[in-house]
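Now for the letters of each chain:
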Amino acid sequence: MSKIKWGAALLAVGVAVALGGCAQTSGGGSQTGQKLTILIGSSGDAETKAVQAAADTWAKTSGNTVNVVAASDLNQELSQGFAGGTPPDLFYMGWDQFATYASNGYLDAYAAKLPNAGDFYQNLKDTFTYKSTFTCAPKDFSTLGLIINTDLWAAAGLTDADIPTDWNSLEAAAKKLTTATTVGLSFGLEYARAGVFMNQAGGTLVDGTTVKADTPENLAGLQFIQKLHDEGVYKMPSEVSAGWSGEALGAGKAAMVIEGPWIKGIATDFPNTKYQAYELPAGPSGKSTFTFSNCWGIPQGSKTVDAATNLVQFLTSDDQQMAFADAFGVIPSTTSAAAKYASKYPENASFVAGSDYAVSPVNFAGSATVISDFNAQLASLFGGDAKSMLASLQTNLQAALDAAK
Amino acid sequence: MAKGIRGAEGRYGWAFTAPAIIIIGVFLVLPILLALYVSFSNWHGLGSPIGNSSFIGTTNYEKVLVDPGLAQKDFGTSIRNNFYYVIIVVPLQTALSLFLAVQVNRRILRGRGFFRTAFYFPSVTSSVAITTIFIFLFTASGAVNALLGWLGINGPNWFADPSGVIHNLLAGVGVSKAPAPLTAPGPLGLQWWDWISGPSVAMCVLIVLAIFTTSGTFMLLFLAALQNIGSEIDEAAEMDGAGALRKFFSVTLPMLKPTLFTVLTLGLIGTWQVFDQIYLTGKGEPGKTLLTPAFLAYDTSFTNLNWGQGAAISFILFLIIVALTLLQRLILRDRDVGRRAERNAKRADARLHAEAAMAARTSTGTGAGS
């Protein structure tokens, strides 16, 4: 009898300890005197410092304190925070994970109430809209462009008149640029790159509530990449021993790559590589590029939502966005600031120009697993059957779309 | 309860074991029970599972095992990948570690201490560090391919090659597309043709890596067991005329059976749970041929926020490991114990007695005759 009592007492102590560890500290809903934590997926020191500086400026004027934490694995640290009941007060929310988070009730839909909600690019607002509610404010954006190594370009005897404007001139330029040590064109073989070719051919993945993945247009996009690879003028970064295509460009292993404004990050490793960014060449059905963006996420039911919303308003103001652009090269998410950016940084003007016709990659809830499955299939695109890949994408994506409704 | 001179002992016993019980209970038993509950719930990963989720029966398990779809196919793919990994790594690492242990146990070997340290070294190095080095060694123009090129072989693009080795061998004899009977859907949403793909070229690198890093640890286990075998047994075997090979297979190996069981069990558990190498080499890339159940469980939970499904995968993996360990115990069981062994022993005993009696009778018979 006493044994059982003792055992029960021990178990009770154990449970108390376990639950005590999960207890939350409570805060108020006011806009001052708050301690905020921002969790960011930083591209490097410059970004972390710029965000901390901006947060400090806001903290001083508003009477709060802000701590900026750079995550080493943003997704993992976010889900850990949410599961533990202690999510950060503000965080970077990637376009690819946004719908998954929104559909699971992780995000506070504050964005529509922002005073500057009307200033953002419409396609960015669409990206961060869940169930027709503009949920979180886009932080900045990037589009894809064609980045050309100008030294290799000149060495191949090419001039400004040869800058690719369509698939044919892209193929011709890639052929001329390909040598024994350099491949003409390189980009990571994934939906986020190959998808632009599918779109340029007139394809799309989702049209309302139907998936249109297995269309001849999408197939034409993939077949063009297959053709370039067969001709030896396109290679995956891994085929030229590069971690990503930016590295291939910097090391001179690829003369042209398809990347975004973040390409400027290669300056640390390859300070002597000269390059120039252009709009992506048009396909049979016109121009197309992808726009990628992060938004400022605020957790649902957060005790600091008012202060955090106020901080977002400050961080997305035109002046502050230009400060971020100066510090680490992102394009502002508001039309007015992006225009200033284009005139201040003419070398990146083509990325801003791309935003006129850019589309957001598919990002409804549950699409991420299907897209990563498609990416996995693309690994065997060369020598493989593009048509069956699109067929399997069609089946899986439609199933995911039906489940998302 | 009778209270004698030892009445309070039970109480003190509980008091002294309490720290261990509390630690194990709070950090091991409770989390496992909670995870088991999560695998039957629709928890979204918001707050504690208790109070923020509801019981939804076996839906999570059905999605992974029964319902056709991406979740089932991914699970099937991960099981296939890991199966090939286990079936190659476990026997090879056991054989290699046993071989190394026997070599460094030989008395005539000079510098035994050096070799023991050298073979054990990969085991004490972090698997993250070794994997990173392997990634550099096996890039398209890395050291391995440079060496192969020197020998006139055009090496594959190791970590980016999703093709299965059995598929590649079949392609070598002209079978590059699935023959009709193999296009039939197999278990877990994968075609039979996909099941027989063999490990991908990328997986082969990880297989080599695993054998390289773990055989040192197991060598140590075998070495300890070898040193426990008395030299008189060796001598007795030699006196009976057993050669080196015969001695190894008929005397040494049977005596190592308990250690062999340990090594195989640890090997099985470790290889079914491979995670860090997968995380580092691109999260299942190339072409999902490096996807393993352990990594899939992580990815399903942390990236896709399908915590219930992730927990379900973990528990299926747990059941697979338990089942395989039991099976292996059955195969390696000692044939000297158990009911059948007793019957055999009795029969052998009876035969021995009968023969002895017969021999005694004939000998007395001849004695009487002379």
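See the structure printed just above.
Residues numbered from 1 in each chain as written. Chains lettered and ligands numbered in written order. Predicted model: local features only at pLDDT ≥ 70, side-chain atom pairs only at ≥ 80, totals over all residues. Heavy atoms only, no water.

### What to know about the overall build of chain A
1) Next: Scanning chain A from terminus to terminus reveals 16 helices and 15 strands.
2) Next: Whereas a compact globule of 405 residues would reach a radius of gyration of roughly 22 Å, chain A reaches 24 Å, a difference of no more than 12%.
3) Next: For chain A, the C-alpha atoms occupy an extent of roughly 85 × 55 × 40 Å along the three principal directions.
4) Next: The buried share of chain A, reckoned over its 405 residues, is 54%. (Helix = DSSP H or I, 4+ residues; strand = E, 2+ residues; numbered from the N terminus. Rg over C-alpha atoms; globule rule 2.2 N^0.38 Å. Buried < 20%, exposed > 50% of the residue type's maximum accessible area, 1.4 Å probe, protein only.)

### Some remarks on the pattern of salt bridges
Residue and element names in this part refer to chain A.
1) Next: By the definition in use, this model includes 14 salt bridges over all chains.
2) Next: In this structure, Asp151 engages Lys274 in a salt bridge whose closest nitrogen and oxygen atoms are separated by 3.9 Å. With Asp151 in helix H6 (residues 150–155) and Lys274 in the loop between strand S12 (254–259) and strand S13 (275–278), this pair connects stretches of sequence that are 123 residues apart.
3) Next: A single network of salt bridges, built from pairs that share partners, joins Glu171, Lys175, Lys227 and Glu231. (Salt bridge = Lys/Arg side-chain N within 4 Å of Asp/Glu carboxyl O.)

### Observations regarding the state of the cysteines
All names here are of chain A.
1) Next: A full pass over the atoms with the stated rule returns one disulfide over all chains.
2) Next: The disulfide partner of Cys136 is Cys295, and the gap between their sulfur atoms is 1.9 Å. The disulfide joining Cys136 to Cys295 has a torsion of about -80° about its S-S bond and is therefore left-handed. A residue pair is termed long-range when its members are at least 10 positions apart, and Cys136 in the loop between strand S5 (133–134) and strand S6 (137–143) and Cys295 in strand S14 (residues 291–297) qualify at 159 residues.
3) Next: Since its relative accessible area comes to 0%, Cys295 is described here as buried. (Disulfide = S-S within 2.5 Å.)

### Observations regarding the pairing of strand S1 (residues 35–40) of chain A
Residue and element names in this part refer to chain A.
1) Next: Here S1 runs beside strand S2 (residues 65–70); their pairing, made up of six bridges, is parallel. The partner of Thr37 across the bridge, within S2, is Asn67.
2) Next: Handedness of the S1-helix H2 (residues 45–62)-S2 crossover: right-handed.
3) Next: Pairing of S1 with strand S3 (residues 90–94) involves two bridges; the strand directions are parallel. From the neighbouring strand, Leu39 faces S3, where its bridge partner is Phe91. (Pairing = 2+ DSSP bridges. Right-handed = clockwise from strand over helix to strand, strands pointing away.)

### Focus: the interface of chain A and chain B
By a frequent convention, interface size equals the accessible area lost on bringing the separate parts together.
1) Next: Counting residues at the interface gives 31 residues for chain A, matched by 33 residues for chain B.
2) Next: Between chain A and chain B, the buried area comes to about 2800 Å², and carbon and sulfur atoms account for 63% of it.
3) Next: Run the count over chain A and chain B and you get one salt bridge.
4) Next: Across the salt bridge formed by Asp373 of chain A and Lys288 of chain B, the nearest N and O atoms sit 2.8 Å from each other.
5) Next: At the boundary of chain A with chain B, the tally comes to nine residue pairs in polar contact (both at pLDDT 80 or more).
6) Next: Contributing elements (two or more residues each) for the side of chain A that touches chain B: helix H1 (2–22), helix H3 (74–83), helix H4 (95–103) and helix H15 (367–378) of chain A.
7) Next: When grouped by side-chain class, the residues that make up the side of chain A that touches chain B number ten nonpolar, 17 polar and four charged. (Contact = heavy atoms within 4.5 Å. Buried area = accessible area lost by both parts, 1.4 Å probe. Polar contact = N/O pair within 3.5 Å; in protein donor to acceptor, adjacent residues only side chain to side chain. Nonpolar A, V, L, I, M, F, W, Y, C, P; charged D, E, K, R; others polar.)

### As for the packing of helix H4 (residues 112–124) of chain B against helix H9 (residues 201–228) of chain B
Residues and elements named next belong to chain B.
1) Next: Their axes nearest at 5 Å, the elements H4 and H9 cross at an angle of 130°. For the element pair H4 / H9, the angle class is oblique. Two packed elements cross with a definite hand, and for H4 against H9 that hand is left-handed. On H9, the residues that touch Arg116, Phe119, Tyr120, Pro122 and Ser123 of H4 are Phe212, Thr213, Thr214, Gly216, Thr217, Met219, Leu220, Leu223 and Gln227.
2) Next: Grouping the amino acids of the contact of H4 with H9 by side-chain chemistry returns seven nonpolar, six polar and one charged. (Axes fitted to C-alpha atoms, helices over the stretch in contact; angles between N-to-C directions. Parallel < 35°, antiparallel > 145°, perpendicular 65-115°, else oblique. Left-handed = near helix turned anticlockwise from the far one by under 90°.)

### Remarks on empty space enclosed by the protein
To locate leftover empty space, one rolls a probe as large as a water molecule over the atoms.
Residue and element names in this part refer to chain A.
1) Next: One pass over the structure, following the stated rule, counts one cavity of 30 Å³ or more.
2) Next: Taken as a whole, the largest cavity encloses approximately 40 Å³ of empty space.
3) Next: Of all elements in the fold, only S6 and helix H12 (318–328) reach the threshold of two or more residues within the lining of the largest cavity.
4) Next: Here the element with the most residues in the lining of the largest cavity is H12; it accounts for three residues.
5) Next: The residue makeup of the lining of the largest cavity, split by class, is four nonpolar, one polar and two charged. (1 Å grid on protein atoms, 1.4 Å probe; cavity = no way out; pocket = protein on both sides within 12 Å on 5 of 7 lines; lining within 4 Å. Points joined across faces, edges and corners; volume = space filled by probe spheres on them.)

### Here we look at a positive patch on the surface
All names here are of chain B.
1) Next: On the surface, a cluster of positive charge is contributed by Arg333, Arg339, Arg340, Arg343 and Arg347.
2) Next: Tracing the backbone through its elements, the reader meets Arg339 in helix H16 (residues 339–369).
3) Next: Judged by its relative accessible area of 71%, Arg339 falls in the exposed class. (Patch = residues over 30% accessible without salt bridge, like charges linked within 9 Å, V, L, I, M, F, W, Y side chains within 5 Å. Areas by Shrake-Rupley, 256 points an atom, 1.4 Å probe, with all protein chains shown as cover. Lys, Arg positive; Asp, Glu negative; His and termini not counted. Charge placed at Lys NZ, Arg CZ, Asp CG, Glu CD.)

### A short note on unusual backbone geometry
Residue and element names in this part refer to chain A.
1) Next: Located in the positive-phi region is Lys131, a residue other than glycine, with phi close to 50°.
2) Next: Here Lys131 lies in the loop between strand S4 (129–130) and S5.
3) Next: Judged by relative accessible area, which is 59%, Lys131 ranks as exposed.
4) Next: For Ser241, which is not glycine, the phi torsion reads 60° and is therefore positive.
5) Next: Counting through the fold element by element, Ser241 comes out in the loop between strand S11 (234–235) and helix H10 (245–250).

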